[in-house]
Amino acid sequence: MVASPAVPEIYEDELHSAIEARSESLQTLRELGPPDLVHLIKQPIKSTTRQIGVYHHVTGIDASSSASLAAYINTLTYSPHDKQNKVVSGLYCCYNAFSRLDMRVQVYIPGTVESYCIDERGDKRVATDELWLETYLCSVLRAYSYADDGSGDTIKKIVGVRRFNPVTSTESEHKFLDAAERLFFSGWQLGSDPEIQVPNLVSNHLTTGLLSYIHTTGRYASGINLFEKLRTRDPEISSLLARVYIQADEEVKAVQLLHEVIQELPMDYSLLDCQADFCNTKGRGDLALEIAKRSVVSAPSEFGTWARLADIYVSLEQWDLALLTLNSCPMFTYQDKDAPRMPEPQKVFLPIMPEALCDEIEDGNLDDMEMVHPTLRKLHAAGFKGTFLKAYIILTEITKKIGWDQLLKIRSQVFVMEEEYRHEKQNVPQSHSRSASTTALRSPTPSAQASPNPEVNGNANGEASDESEANGNESAEATVQDSLQEPGHTVAAEVVKAGSEDPHTANNDSPSQPNYTQFQNKRLCERWLDNLFMVLYEDLRVYTIWRTEMAQYRQQQLLYKKSAEEWEILGELAERLHHTDEAVEAYENCLQIKFSPKAMKGVLKLGEDRRNTRDTCAALIRLVTWQYRWYSEFSPALLFTIRKLIEDEGAVKIRSIIQGTSLPQHVLDLTHQS
């Protein structure tokens, strides 16, 4: 049996400063809260006057009662690295996001256990059974939310977090699903993923966690059973049930369910989105199109409905409509997960367990930075998250299929270019006229040649016009000088403004050849989308230079040299632009210099895509070991990969392949345990 990961220790500069910092941050928490905090008081064995405060963070510990948290603290009383000091007390802090309380268990060694909770004002409250139920469910959801995907990005964000699998047996699964069922209709209180504007019954952190658990473990029957029970209380939950049916390869049941429930709830956007996604993945974009349009009408302020419609236009190769739909997506400021805000520590101790010792995967300090060319460091697309990331993926998919030149041509056909604006401003008479921003592609009669695509009722700076939303065409009657403004230039991705929420334009019939030749039939490109074009241009420019230089060096039989981090960035760049082979080539060059979990994750992904079992297993072993070295024995993405390998090839074959590698036995044991 492999031992638990080592225990990192962050030493406080002042005693109890970590606890005080956590208490002060409670009122700023927005969603699931930060990882659990475990604070220990140590004192030298030969002295009772001096005390030392150390702490670390943890996820995945059973937080269903004070006894289970006290038991965890008891496991920390012996430290093989510190035999000069003994633990005299410990405090476990676990955030309850439902009631917005910090549940705390104080353990005195030897001695008593005290449990209580702290509210946002710092006042003590009694910890009830209902509060412990909420806390337990939050702890499981946090374990999935804060888990690393294998690339190491999440691990590197917060130093010193131990990550455990919160559900390891049938008994613990029943406990988790029972808690989820009892608190399901309060799930919207927890918030949602950054792409969701308003958390609701089927889009929140609870449903995300449930779907993630079902997807990772393949426990489809348990998920189906749960959602079947819940949908008797509210038919909206059928969209979640349908998604589980599809994952479980029960597509006929999913289709039947969607058909029945949409008859009852014809404008439920989550049901429509599920149906549109299913049709599109089956290569029937023609069927998905009208469903997606209705979904947009149902939820015009949600990013996901517009993004789905844009995806479908891409699959149908209607590039102009895909761009116009993308331009209408409401964009939201990215809200990152709640993270601990701790004072500067006196020192940080990051031990390594013998089981995780492996020269091949040791990549040095987490903060080690190499020399990287400024051009590569400034690629803004690497930092995109939330709605911006998803919009950029759609834009790169279009570019991959039609090329940059054709993309620019279509862009100039559907959006007002700066030269056109200047020319129009000089030549348009001063009498009443309709502006391009409000008239663009809206037609008063069905026979007029107008694009059916969603409209951006915004000014040239990309800001949503509330007046045009309210008054429709009436606001279009303004003088050209008043209504036309110069199109905005590139801005940072942080400038986020919503697109149109006009439901009418998503439901029109598409003309065979939209007329974009006249200025008044064009749209103003939103500032954020204009920025994405600029970022995409820079990505393509750097990628082209890299590939050209490599070809020249090969022709001259010279070695093309880059640092490990530069190869990693180039691999990410190629992956963003959907050049898989080039991405893996860069990742492999990085791995030849030093180990990188991100590069290894890229190699793993290619092994999965090509169904190369040996390469996938080799990458998995190294990633599991690296995760364990940084105190994580739980990564849903890696567990899913292992599960799929065993389903496809059989457990005996996978175990034999892993055992047949040349790595140390203690490293192989980590993967066997996973």
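These notes cover the structure that comes with them.

Parameters at a glance
Residues numbered from 1 in each chain as written. Predicted model: local features only at pLDDT ≥ 70, side-chain atom pairs only at ≥ 80, totals over all residues. Heavy atoms only, no water. Patch = residues over 30% accessible without salt bridge, like charges linked within 9 Å, V, L, I, M, F, W, Y side chains within 5 Å. Areas by Shrake-Rupley, 256 points an atom, 1.4 Å probe, with all protein chains shown as cover. Salt bridge = Lys/Arg side-chain N within 4 Å of Asp/Glu carboxyl O. Lys, Arg positive; Asp, Glu negative; His and termini not counted. Charge placed at Lys NZ, Arg CZ, Asp CG, Glu CD. Helix = DSSP H or I, 4+ residues; strand = E, 2+ residues; numbered from the N terminus. Buried < 20%, exposed > 50% of the residue type's maximum accessible area, 1.4 Å probe, protein only. Axes fitted to C-alpha atoms, helices over the stretch in contact; angles between N-to-C directions. Parallel < 35°, antiparallel > 145°, perpendicular 65-115°, else oblique. Left-handed = near helix turned anticlockwise from the far one by under 90°. Contact = heavy atoms within 4.5 Å. Nonpolar A, V, L, I, M, F, W, Y, C, P; charged D, E, K, R; others polar. Core = buried A, V, L, I, M, F, W, Y, C linked by side-chain atoms within 4.5 Å. Polar contact = N/O pair within 3.5 Å; in protein donor to acceptor, adjacent residues only side chain to side chain. Pairing = 2+ DSSP bridges. Disulfide = S-S within 2.5 Å. Arc of directions from axis to C-beta.

**Looking at a negative patch on the surface**
Point 1. A grouping of D13, E14, E20, E24 and E344 is seen on the molecular surface, where their side chains present a negatively charged patch.
Point 2. Inspection of the secondary structure assignment puts E344 in the loop between α13 (319-327) and β9 (347-349).
Point 3. On the basis of relative accessible area, E344 is assigned to the exposed category, the value being 66%.

**Notes on the pattern of salt bridges**
Point 1. Per the counting criterion, the structure on display carries 35 salt bridges.
Point 2. Between K42 and E9 there is a salt bridge whose closest N-O contact spans 2.6 Å. Linking K42 in strand β2 (residues 36-44) with E9 in strand β1 (residues 9-11), this pair joins segments that are 33 residues apart in sequence.
Point 3. By relative accessible area, which is 3% here, K42 ends up buried.
Point 4. The shortest N-O distance in the salt bridge between K124 and E114 comes to 3.3 Å. On the criterion of sequence distance, the pair formed by K124 in strand β7 (residues 124-125) and E114 in strand β6 (residues 113-118) is long-range, its members being 10 residues apart.
Point 5. In this structure E114 comes out as partly exposed when scored by relative accessible area, which is 34%.

**Regarding the packing of helix α25 (residues 613-629) against helix α26 (residues 636-649)**
Point 1. At their nearest, the axes of α25 and α26 sit 11 Å apart, and the two run at 150° to each other. One finds that α25 runs roughly antiparallel with respect to α26. Relative to α26, α25 is oriented so that their crossing is left-handed. Here T613, T616, C617, L620, L623, V624 and Q627 of α25 lie close against α26, whose contacting residues are L638, T641, I642, L645 and E649.
Point 2. A class-by-class count of the residues in the contact of α25 with α26 yields seven nonpolar, four polar and one charged.

**Focus: the nonpolar core**
One broad trend across soluble globular proteins is that nonpolar side chains are buried collectively.
Point 1. Ranked by size, the top nonpolar core spans 126 residues in total, and within it F176 and F227 carry the most contacts.
Point 2. Here this core gets 11 residues from one element, more than from any other, and that element is helix α21 (residues 527-555).
Point 3. When sequence neighbours within four positions are dropped, the list of residues in contact with F227 reads F184, L210, L211, I214, I237, L240, L241 and V244.
Point 4. Among the nonpolar cores identified, the runner-up in size contains 26 residues, and L604, A619, L623 and I657 belong to it.

**A look at the packing of helix α5 (residues 170-183) against helix α7 (residues 220-231)**
Point 1. Packing of α5 against α7 leaves a shortest axis separation of 11 Å and a crossing angle of 20°. Relative to α7, α5 is oriented roughly parallel. For α5 against α7, the interelement crossing comes out right-handed. Facing α5, whose interface residues are E173, L177 and E181, α7 presents S222, L226, K229 and L230.
Point 2. Across the contact of α5 with α7, the residue classes tally to three nonpolar, one polar and three charged.

**Details of the side chain of K42**
Point 1. Here E9 takes part through its side chain, which lies 2.6 Å from a polar atom of the side chain of K42.
Point 2. When residues no more than four places from it in sequence are discounted, the contact partners of K42 are E9, R50, Q51, I52, V54, D82, N85, K86 and V87.

**Digging into the environment of F164**
Point 1. Inspection of the secondary structure assignment puts F164 in the loop between β8 (161-163) and α5.
Point 2. Looking at F164, the relative accessible area reads 9%, which means it is buried.
Point 3. Counting along the chain gives 17 residues from F164 to A147, while the straight-line C-alpha distance between them is 9.0 Å.
Point 4. Here F164 is in contact with S4, P5, V58, T59, G60, I61, Y72, A143, E633 and F634, once residues within four sequence places are set aside.

**Describing the pairing of β2**
Point 1. The element β2 is extensively covered by neighbouring structure, given that nine of its nine residues are classed as buried.
Point 2. Where burial is concerned, the two faces of β2 agree: the one with D36, V38, L40, K42 and P44 and the one with L37, H39, I41 and Q43 are both buried.
Point 3. As paired elements, β2 and strand β3 (residues 52-59) share seven bridges and run antiparallel to each other. Across the sheet, V38 pairs through a bridge with H56, a residue of β3.

**Some details on the state of the cysteines**
Point 1. One pass over the structure, following the stated rule, counts zero disulfides.
Point 2. Lacking any disulfide linkage, C94 is separated from the closest cysteine sulfur, that of C138, by 7.6 Å.
Point 3. Assessed through its relative accessible area of 0%, C94 is described here as buried.
Point 4. As a non-bridged cysteine, C274 has C279 as the owner of its nearest cysteine sulfur, 9.6 Å distant.

**Looking at the side chain of S17**
Point 1. Examined against the element boundaries, S17 turns out to sit in helix α1 (residues 17-25).
Point 2. Residue S17 is classed as buried on the basis of its relative accessible area of 14%.
Point 3. Of the polar contacts made by the side chain of S17, one reaches the backbone oxygen of E14; its length is 2.9 Å.
Point 4. Not counting chain neighbours up to four residues away, the residues in contact with S17 comprise E12 and P343.

**Comments concerning unusual backbone geometry**
Trans is the prevailing form of peptide bonds, just as negative phi is the prevailing case for residues other than glycine.
Point 1. A cis amide bond links I109 with the next residue in sequence, P110, at an omega value of -15°.
Point 2. Here P110 is to be found in the loop between β5 (101-108) and β6.
Point 3. At R100, a residue that is not glycine, the phi angle is positive and equals roughly 55°.
Point 4. Its location among the elements puts R100 in the loop between β4 (85-96) and β5.
Point 5. Taking relative accessible area as the criterion, R100 reaches 28% and is therefore assigned partly exposed.
Point 6. The phi dihedral of H578 falls on the positive side, at around 65°, and the residue is not glycine.
Point 7. Tracing the backbone shows H578 in the loop between α22 (564-576) and α23 (580-593).
Point 8. On the accessibility criterion, H578 (26% relative accessible area) is partly exposed.

**Quick look at helix α16 (residues 404-414)**
Point 1. Of all the positions in α16, only L407, I410, R411 and V414 are classed as buried. An end-on view of α16 places all buried positions within 105° of arc, on one side of the element.

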